[in-house]
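Now for the letters of each chain:
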Amino acid sequence: MTDDHRVSLTAYLYESFSGNTEARAAVVVLPGGGYRSISESEADPIALSYLSRGYHAFVLRYSIGEFAAFPAPLIEVSRALSTIRRNGASWGVDVNRIAVCGLSAGGHLAASLGTMWQDKEIAAAAGIDSGENRPNALILGYPVITCSLGQHSPLNKMWTQAAGKPPLPDMQSRLSCELLVDGHTPPCFIFHTFADQVVPVQHALLFSTALADHQVPFELHVYPDGPHGLSLANAVTAGGKVQYMNETVAQWMEQSCRWLQSVFKDNDQVND
């Protein structure tokens, strides 16, 4: 998605087969990595897990490090959704059923998209039409949400390391997603662990409270145990580390798929 290949969109698409031309829902995965790197354990393994459950799946490897200053990643994910929608007919994607799944810093990027997709400056910078970048649903895994938890907030640290300097005071309100929720924010599935010592569970709770305040439907799971960065929480993504395997947390994938089915069914009823 950039001439130097820094930013890329990987697609895992079902081919049409005999007698089946129905468009499928899609999930766009935004891996974590603190805006400093891309966590590969939160990239293709997540996408392939959704693929195995019948969804088209995409992975966006967005700008990191010195290139990650706001709003660059947000512009890139906006372009990605526009690209998917503009190719929806030929790729077999139902353009009204596109979920964005972000983990950790990718969760912040997904939440930013869900709360800022209407921003005209973002749309203009991305070269897209209004609404092309709106996700129909958000899935947020142990997401970074806010700058409001003090100077040691993970987001403050991330942005200092990503952009090479601390965020400006007026920028912090634009980076704190719980302050940007409104009635146009899409439905959300959120999971976190109480034991997360890197991104405290308060991030998920703040966002959930904002969703409730604005009557945005959501499902929240707070599991008691497990470190930050669990990804699928099974042997596929644990890299041999026992602490990253947790049968309870691993349920989030199946739970999110059941939730997506419900949300997309509701979309049908609205469209009818």
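Scroll up a little and you will see the structure.
Fair warning: this is a prediction, and the values are worked out from it, not measured in the lab.

## Observations concerning the sheet that holds strand 1 (residues 8-12)
Sheet architecture is open: 7 strands sit in the order 1-3-2-4-5-6-7, paired in mixed fashion. The open sheet has two edge strands, strand 1 and strand 7 (218-223), and neither has a second partner. When strand polarity is set aside, the average angle formed by the axes of neighbouring strands in this sheet is 15°. With 5 bridges joining them, strand 4 (residues 93-103) and strand 5 (residues 137-141) adopt parallel strand pairing. By the bridge assignment for strand 5, Cys101 is matched with Ile139. Those strands touched by helix 4 (residues 105-116) are strand 2 (24-30), strand 4 and strand 5, and its axis lies near 135° from that of strand 4. Across the sheet, helix 8 (residues 202-213) touches strand 5, strand 6 (188-193) and strand 7, and the angle it forms with strand 6 is around 155°.

## Digging into the packing of aromatic side chains
Taken as a whole and judged by the stated rule, the model has 7 aromatic pairs. Here the aromatic rings of Tyr50 and Trp252 are separated by 6.5 Å at their centres, their planes lie at 65°, and the arrangement is edge-to-face. Residue Tyr50 is located in helix 1 (residues 44-51), and its partner Trp252 is located in helix 10 (residues 252-271); the two are separated by 202 residues in the primary sequence. Judged by its relative accessible area of 0%, Tyr50 falls in the buried class. Between the aromatic rings of Tyr142 and Phe191, the centroid separation amounts to 5.8 Å while the plane-to-plane angle is 90°, which identifies the pairing as edge-to-face.

Thresholds applied
In every chain, residue numbers begin from 1 and rise along the written sequence. pLDDT decides what is reported in this predicted model: residues at 70 or higher carry local features, side-chain atom pairs at 80 or more are listed and counted, and totals for whole chains, interfaces and linings draw on all residues regardless. Where side-chain values are given, they derive from all heavy atoms of the structure, hydrogens and water being excluded. Two strands make a pair as long as DSSP finds a minimum of two bridges between them. Numbering of helices and strands starts at the N terminus; helices are DSSP runs of H or I of at least 4 residues and strands are runs of E of at least 2. Interaxial angles span 0 to 180 degrees and are taken between N-to-C directions of axes, which are lines fitted to C-alpha atoms, for helices over the stretch in contact. A contact between two residues is defined here by any heavy atoms of the two lying within 4.5 Å. Pairing of aromatic side chains here covers Phe, Tyr and the six-membered ring of Trp, requires ring centres within 6.5 Å, and sorts the geometry by plane angle: under 30 degrees stacked, over 60 edge-to-face, intermediate tilted. Residue exposure (1.4 Å probe, protein chains only): buried if accessible area is under 20% of the type maximum, exposed if over 50%, otherwise partly exposed.

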